[in-house]
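Residue-level listing of the chains:
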Amino acid sequence: MRITLLIILIFLSINLAAQSPNVLNSSPLIPIANSPYLQLNKGELTSKYQVIRRLGNGEVIVRKKSAKKGGQSAGNSGINHEWKWGGFANELQEGFFYIRTAKSLSATNGIHEHWFDPDRSLSLVYGNIETLKEKVLPLPSVTFIQPANRTPKEESLQRLHNLGINGIRKTHQQYPNLNGASLIVSVKENALDTADLDLAGRASWDGLTSTVQVNHATNMATLIGGAANSGKAGEGVARATRFLSEDFSNLLPAPDQAFLNRNIALQNHSYGVGVENFYGVESVAFDQQALTLPTLLHVFSSGNLGALNSTGDYEDIVRYRTLTGSFKQAKNVLVVTGSDDLGEVADANSAGPAYDGRIKPELTAYGGSGTSDAAALVTGASLVLQELFEQLHDEYATIDLMKAILIASSKEVGAPGPDFLTGYGQMSLPRATDLIDSGHFIQDNLTTTNTSMNHTIDVPEGTAALKVVLSWIDPPANDADAYALVHDLNVRVSRAGTTWEPWVLDHRPDINLLSALAVPGNDTLNNVEMITIPSPASGSYSIAVSSSNLTTDQGFAIAYHISAADQFEWTYPTQLDAFTTGEEAFLYFDQTFSAPGTLEIRTLEGSWQSIAAIGTADQLVSYTPDLSGEVILRALFEGQEFLSDTFAIHPKIDLSVDLLCDEEMSLSWNDVGAPSYQLSRFDGSALVAVSEVQGLDTLIERSAFPGNQFTVTPLFNHVTGLSDETLNVNQQGAGCYLNRFLVSIDDQGAAQLTISLSTPEKITSLSVLRSDRQGVSVLLDVVPDQDSYIVIDPSPTPGRTIYQVMLSTSSRLEISSEEVEIFTTDDSQYILFPNPVYDGQLSLLSPTTDAIFQIVDSQARIVSNFLISAEAETFPVGELEGVYYFRIIKESEVVKTGRFVVGQ
């Protein structure tokens, strides 16, 4: 019997090694003596075995919990140690490794242990493959080895902005005080800029922050909760939340206490490390942390490597199974992909399934430049939802409930049901807030003795669709388990003898199967299950949750969303928004009509103009407005009219700095058709109003309104327009009435003076003075009637000439420019300057070259000889002091003599 069992074990081991992409090499798991591990069929399990690894062929790797003396030794039927390798690239020879071990490895020869975490049974070591094979792999305490030194990379190129497609601006309008002010979010990557205009006063660094500051982290924080101090593109979701930053060089989650001590509510992860398809150390850690910190949601970007092939059995398939990091294989996190303005997901986006066939990503959100942006928006939305939930229920929603709410309230992307490209749907923040407000969620608990539970909900008449989502925080699996799900819960919805099952997808490595539509069935992989029922009849529906394999009590969450039939609701724009004339804009809405409609627009004083037809499945329209002023939209369906909020459309407004003095400043802007304009300044943490102006410019006393950053916003009768980007007045090139004064010499030796003025209408006199050895003269004396002048001095006196501009203003200011000096010569004169010399540099303007410049002391001794090789020369005299003489010798003849003084 023992021989037969041994043959079976060898056969199964060979198959396992050949199929697994996580095994370092294809060595079969040949039984060896004195191994504490066994490979068994699940049917052979008893309480005396501890499961270490669940294999995909129905086998398990176990360790005996105890062995009786004189009895059968576990080693008699043991297997070799190759199964302990995980997540390896074949070329990796040396580096950092995670070791799953019950004991510290500090005494192991040939490796260096950096730390050992007994709570996680985890060690970080540095070593090479050969040493690991010889010294670490055979240790009875070791069950898994995984590379640790993978380099994370950010997953977007730049920050693009669209708060309309996910209904974020609608929520800003409906809940103006729901802004995340009571919560702290952590951005895990490199350090963000705490002084950024849109984050100022709300972002901090601490001991967990990276030493490298990058724009990507600042961009992610801005999308999560930017305050729009810099302009429209600087606005995020939770606009008053506070930020901390955590270095992503450590891919493991920070210890629980680090989150508790810092009061962190959510963490954003917009990075990846390359395509990885295994459940390893980081996956286990994130799933474990969900049990100990059940309200801390980790939000990950799916990645931007969809153009690559996957690994293992999927290596010939492009796009699918390309999530960028094994940590994204965790069950109790949320993985997000990105869409463009039209809701379409780019081919470059990484897609599921997860390594074991689970549905990843779970959600879609706007990510115009990559999936990083999408994850940040979902993080911001989750902050808003947590704040709302806490206000209503005096506690925070658990991870499973938050995921259920976000998924149940999401909008379909394409065909009904989930898919491996977009997950369960496009996030809709207004639907999610409505779901929480309506109380359309259930939290309950299955016990090992009560493994089924029923709840009843009522569905009203005229319902277009019912969506029910079950979610639970599943216990972590073991490293490299073939399937990550531990507790398999099941949801069914039934009414009047009809039962609906959740959507399932086919994850087998075939492009046609992977891209096939979801079908109802029995889900044995995911810890999220979703059922949708189109056009349900009104009445009571039973939601049954059951399980047959609980090892401990298991909590769960249900969220459900009811869509009313023949309804239309504007999502964007709201009265808070405005469009720019001539620029493409997107109009977003929710509608459930079964017949097409039309979309129209008009100014408040004008007549309706047709924009587009609305198809039965349409949820958006692209529109390039040619109107200006206050406008309103309407959708027409089957004789019903649905009006939008009033909002503004106008040309882009541009703020300019006309005058910048120490005492006063003048700002102006173009006319965009608004009755008045709001001038605001940044006070270090927020934009505050300076004044409301009916005209197109204003003069400000700088002492009354300190600061250097200003913006202007058009104010229409009922709504506000789009502000200009906030500008720093010191960086706009404006001066105090005199913007610029430049002097240059042309080829003919003439001096050209260029003068640029600010607000010339406020200047009462403009004079240009010339000073040379002949005295002071006036080149120009006018009352300016233009903002620039060019003055020509055709023949500057040889030697040093100084030019200066003098201004008088209507406010009785007397302004003098800096003196600008030039040095010129003619065909016969040598000019030596300065005299006396105090900076150690003596200069000579010469009408000729190839002459000798000699410095002679009072005893007629030659101190220095210099060759004159250019029209302008500089000679060092810093070591001299007192009176010296010079002579210039040309062709053995002295042509110039004189004296100069060197001072110290």
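See above for the structure.
Engineer: Is there a simple way to explain the overall build of the protein chain in this structure?
Structural biologist: The helix and strand tally for the protein chain stands at ten helices and 56 strands. For the protein chain, whose C-alpha radius of gyration is 38 Å, the value lies well above the compact-globule estimate of 29 Å for 904 residues. Considering only C-alpha atoms, the protein chain reaches an extent of 120 × 80 × 45 Å along its principal axes. Counting across all 904 residues of the protein chain, residues that qualify as buried make up 55%. Across the protein chain, contacts joining residues at least 24 apart in sequence account for 70% of those joining residues at least 6 apart. Across the protein chain, the 56 positively charged side chains and the 105 negatively charged ones have centroids separated by 11 Å.

Engineer: Teacher, can you tell me more about the sheet that holds strand β55 (residues 882-890) here?
Structural biologist: Strands pair in a sheet through their backbones, by hydrogen bonds, and they do so in one of two ways: parallel or antiparallel. The sheet built from four strands is open, its strands ordered β53-β52-β55-β56 with antiparallel pairing. Lying at the two open borders of the sheet, with one neighbouring strand each, are β53 (862-868) and β56 (893-902). With strand direction ignored, the average angle separating the axes of adjacent strands in the sheet is 20°. Summarising the sheet, strand β52 (residues 851-856) and β55 pair through five bridges and their orientation is antiparallel. If you follow Gln-854 over to β55, its bridge partner there is Arg-887.

Engineer: Explanation requested: helix α4 (residues 215-225) in the structure shown.
Structural biologist: Residues three or four positions apart in an α-helix share a direction because the helix packs 3.6 residues into each turn. In terms of burial, α4 is largely enclosed, as ten of its eleven residues are buried. Here α4 has its buried residues at His-216, Ala-217, Thr-218, Asn-219, Met-220, Ala-221, Thr-222, Leu-223, Ile-224 and Gly-225. Where the residues of α4 are buried, they touch β8 (153-154), β9 (184-188), β10 (242-246), β11 (264-269) and α7 (371-393).

Engineer: I tried to follow the packing of α7 against helix α9 (residues 429-438) on my own but got confused; where do I start?
Structural biologist: A pair of packed helices can be characterised by two numbers: the angle between their axes and the separation between those axes. Their axes nearest at 10 Å, the elements α7 and α9 cross at an angle of 15°. With respect to α9, the element α7 is oriented roughly parallel. The handedness of the crossing between α7 and α9 is right-handed. Between α7 and α9, the contacting residues are Ala-381, Leu-385, Leu-388, Phe-389 and Leu-392 on the first element and Leu-429, Ala-432, Thr-433, Ile-436 and Asp-437 on the second.

Engineer: Please clarify how the side chain of Asp-479 should be interpreted in this entry.
Structural biologist: Tracing the backbone through its elements, the reader meets Asp-479 in the loop between β18 (463-471) and β19 (489-495). Assessed through its relative accessible area of 6%, Asp-479 is described here as buried. At 2.7 Å, the side chain of Asp-479 forms a polar contact with the side chain of Arg-100. Those residues in contact with Asp-479 that sit more than four places away from it in its chain are Arg-53, Arg-100, Phe-144, Tyr-279, Gly-280, Val-281 and Val-284.

Engineer: Honestly, empty space enclosed by the protein in this entry has me stumped. Any pointers?
Structural biologist: Under the criterion given, the structure shown has one cavity of 30 Å³ or more. For the largest cavity, the full set of lining residues is Ala-330, Lys-331, Arg-358, Ile-359, Lys-360, Glu-362, Lys-403, Tyr-424, Asn-526, Asn-527 and Val-528. Split into classes, the residues belonging to the lining of the largest cavity amount to four nonpolar, two polar and five charged.

Engineer: Help me understand a nonpolar patch on the surface in this model?
Structural biologist: Where nonpolar side chains cluster on the molecular surface, the patch consists of Val-883, Tyr-885 and Val-901 and spans about 230 Å² of accessible area. Structurally, the position occupied by Val-901 is in strand β56.

Engineer: What should I look at first to understand the sheet that holds strand β2 (residues 49-54) in this one?
Structural biologist: Pairing is antiparallel in the open sheet, where three strands are placed in the order β1-β3-β2. This sheet does not close on itself; its edge strands, each paired only once, are β1 (37-41) and β2. Averaged over all pairs of adjacent strands, the angle between strand axes in this sheet comes to 40°, irrespective of strand direction. Bridge analysis of β1 against strand β3 (residues 59-64) gives five bridges, and the strand direction is antiparallel. From the neighbouring strand, Asn-41 faces β3, where its bridge partner is Glu-59.

Engineer: Would you mind going over the pattern of salt bridges with me for this structure?
Structural biologist: A pair can form between side chains of opposite charge whenever their charged atoms are brought close. In total, this model carries 29 salt bridges according to the counting rule given. One salt bridge connects Glu-641 with Arg-634, and the closest N-O pair in it is separated by 2.7 Å. On the basis of relative accessibility, which here comes to 42%, the residue Glu-641 falls in the partly exposed class. Classification of Arg-634 by relative accessible area gives buried; the value is 16%. One network of salt bridges, with partners in common, ties together Arg-169, Glu-235, Arg-239 and Asp-577.

Engineer: What's the story with the packing of aromatic side chains in this structure? I'm lost.
Structural biologist: Within a pair of aromatic rings, the relevant descriptors are the distance that separates the centres and the angle that separates the planes. Per the counting criterion, the structure on display carries 28 aromatic pairs. Look at Phe-286 and Phe-300: their rings are 5.3 Å apart centre to centre, the planes differ by 85°, and that puts the pair in the edge-to-face class. With Phe-286 in helix α6 (residues 281-292) and Phe-300 in strand β13 (residues 297-301), this pair connects stretches of sequence that are 14 residues apart. By relative accessible area, Phe-286 is classed as buried at 1%. For the ring pair Phe-568 and Phe-637, a centre distance of 5.7 Å and an interplane angle of 40° mean the geometry is tilted. Placement of the pair is Phe-568 in strand β26 (residues 568-572) and Phe-637 in strand β32 (residues 629-637), with a sequence separation of 69 residues. Just as Phe-568 is buried, Phe-637 falls in that class too. In textbook terms, an aromatic cluster arises when at least three aromatic residues are bridged by ring pairs, as seen for Phe-568, Trp-570, Phe-589, Phe-593, Phe-637 and Phe-642. Above the plane of the ring of Trp-608 lies Arg-602, whose end atom (NZ or CZ) is 4.9 Å from the centre.

Engineer: I keep staring at the packing of α4 against α7 and nothing clicks. Help me out?
Structural biologist: As a packed pair, α4 and α7 sit with axes 7 Å apart at the nearest point and diverge in direction by 40°. Relative to α7, the element α4 lies oblique. With respect to the hand of their crossing, α4 and α7 are arranged in right-handed fashion. In this structure, α4 contributes His-216, Met-220, Leu-223 and Ile-224 to the contact, and α7 contributes Ser-372, Asp-373, Ala-376, Leu-377, Thr-379, Gly-380 and Leu-383. Residues belonging to the contact of α4 with α7 are distributed by class as follows: six nonpolar, four polar and one charged.

Procedures and definitions
- Residues numbered from 1 in each chain as written.
- Predicted model: local features only at pLDDT ≥ 70, side-chain atom pairs only at ≥ 80, totals over all residues.
- Heavy atoms only, no water.
- Helix = DSSP H or I, 4+ residues; strand = E, 2+ residues; numbered from the N terminus.
- Rg over C-alpha atoms; globule rule 2.2 N^0.38 Å.
- Buried < 20%, exposed > 50% of the residue type's maximum accessible area, 1.4 Å probe, protein only.
- Contact = heavy atoms within 4.5 Å.
- Lys, Arg positive; Asp, Glu negative; His and termini not counted.
- Charge placed at Lys NZ, Arg CZ, Asp CG, Glu CD.
- Pairing = 2+ DSSP bridges.
- Axes fitted to C-alpha atoms, helices over the stretch in contact; angles between N-to-C directions.
- Parallel < 35°, antiparallel > 145°, perpendicular 65-115°, else oblique.
- Left-handed = near helix turned anticlockwise from the far one by under 90°.
- Polar contact = N/O pair within 3.5 Å; in protein donor to acceptor, adjacent residues only side chain to side chain.
- 1 Å grid on protein atoms, 1.4 Å probe; cavity = no way out; pocket = protein on both sides within 12 Å on 5 of 7 lines; lining within 4 Å.
- Points joined across faces, edges and corners; volume = space filled by probe spheres on them.
- Nonpolar A, V, L, I, M, F, W, Y, C, P; charged D, E, K, R; others polar.
- Patch = residues over 30% accessible without salt bridge, like charges linked within 9 Å, V, L, I, M, F, W, Y side chains within 5 Å.
- Areas by Shrake-Rupley, 256 points an atom, 1.4 Å probe, with all protein chains shown as cover.
- Salt bridge = Lys/Arg side-chain N within 4 Å of Asp/Glu carboxyl O.
- Phe/Tyr/Trp six-rings, centres within 6.5 Å; stacked < 30°, edge-to-face > 60°.
- Lys NZ or Arg CZ within 6 Å of the ring centre and 35° of its normal.

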